[in-house]
Amino acid sequence: MIPDSVVSDWMVVSQEQVQMFADATDDQQWIHVDPARAKRDSPFGATIAHGFLTLSLVSALLRKTGALDGFRMSVNYGLNRVRFTAPVLTGSRIRGRFVAASIEEKDESVKVVWSVTVEREQSATPCCFAEWIVLYYR
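Since we're looking at a predicted model, the values are computed, not measured.

Visitor: How do you make sense of the nonpolar core when you look at a structure like this?
Guide: Core analysis: the largest hydrophobic core is formed by 31 residues, its most contacted members being Ile-2, Phe-98, Trp-114 and Tyr-136. At the level of secondary structure, the elements contributing two or more residues to this core comprise α1 (15-25), α4 (51-63), β4 (93-105), β5 (109-120) and β6 (128-137). For this core, the element with the most residues is α4, which contributes 7 residues. Excluding residues within four positions of it along the chain, Trp-114 makes contact with Ile-2, Pro-3, Leu-62, Leu-68, Phe-98, Val-99, Ala-100, Ala-130, Glu-131, Trp-132, Val-134 and Tyr-136.

What follows is the structure, encoded as C-alpha cells:
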C-alpha cells in the first residue's frame, strides 16, 4: 500500500558526508569542502552541501519513513523537475515531505510520482523541490 503522504525523521548532513560526496563526484568547490574559507568568504557563513547530494538523500529520507516496507525492491525511474531553493548548511538537519502525486498499478510493479519537499530545520524556505518517479516491485 502506497501512503498518500509521509514525512521523514530529521537527518544530519555532516561535513564528512559532504567531503565524501565531493570525493566521489570530483566536485571540490571550496563552498563545500573548505570550512575556513566558507566561513570567511561565502554568503552563508559555512560550507553547504552540494545540491546533488541533497537530491541523492531523498531516497534515504523516504526509506527512513518505513512506509514502503511491503515491496521487495524499488528502482529510481527518474525526475521530472528539480529546484534547489535554499542551501543546506553542513551540520544542519533535513527531512523530506513526500506526497504521492500519482500512483499507477502495473503487473509486477507500482509506479509512483512523488512530490518531494526537502526542508532544513530552522529555515522557513525549503531546500529542494523535486518530482521523483519510483517503481516499486512486489
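Visitor: Just checking my understanding: could you explain the pairing of β5 for this structure?
Guide: Counted residue by residue, β5 has 11 buried out of 12 residues, so it is predominantly covered. As paired strands, β4 and β5 are joined by 11 bridges and run antiparallel to one another. Bridge pairing links Ile-103 to Val-112 in β5. Linking β4 to β5, which pair antiparallel, is a turn of 3 residues. Pairing analysis gives 10 bridges linking β5 to β6, with the strands arranged antiparallel. For Val-110, the partnering residue across the bridge sits in β6 and is Tyr-136.

Visitor: Explain the side chain of His-32 here, please?
Guide: The topology assignment puts His-32 in helix α2 (residues 30-33). On the basis of relative accessible area, His-32 is assigned to the buried category, the value being 7%. One polar contact links the side chain of His-32 to the main-chain carbonyl oxygen of Ile-48, over a distance of 2.7 Å. Each residue touching His-32, except ones within four places of it in the same chain, is listed here: Gln-15, Val-18, Asp-27, Thr-47, Ile-48, Ala-49 and His-50.

Rules used throughout
- Position numbers for residues start from 1 in each chain and track the written sequence from start to end.
- Totals for whole chains, interfaces and linings use every residue, but because this is a predicted model, local features are given only for residues with pLDDT of at least 70 and side-chain atom pairs only at 80 or more, for both listing and counting.
- The basis for every side-chain value is the complete set of heavy atoms in the structure, and neither hydrogens nor water enter the calculation.
- Here, nonpolar core means buried Ala, Val, Leu, Ile, Met, Phe, Trp, Tyr and Cys residues that are tied together by side-chain atoms lying within 4.5 Å of each other.
- Burial classes follow relative accessibility: with a 1.4 Å probe on protein chains only, a residue under 20% of its type's maximum area counts as buried, one over 50% as exposed, and anything between as partly exposed.
- A helix here means a DSSP run of H or I that spans at least four residues, while a strand means a run of E at least two residues long, and both kinds are numbered starting from the N terminus.
- Whether two residues are in contact is decided by their heavy atoms, any of which lying within 4.5 Å being enough.
- DSSP-based pairing: two strands are paired if at least 2 bridges between them are found.
- Side-chain atoms alone can form a polar contact between residues adjacent in sequence; in general such a contact is a pair of N or O atoms within 3.5 Å, and within protein one must be able to donate a hydrogen while the other accepts it.

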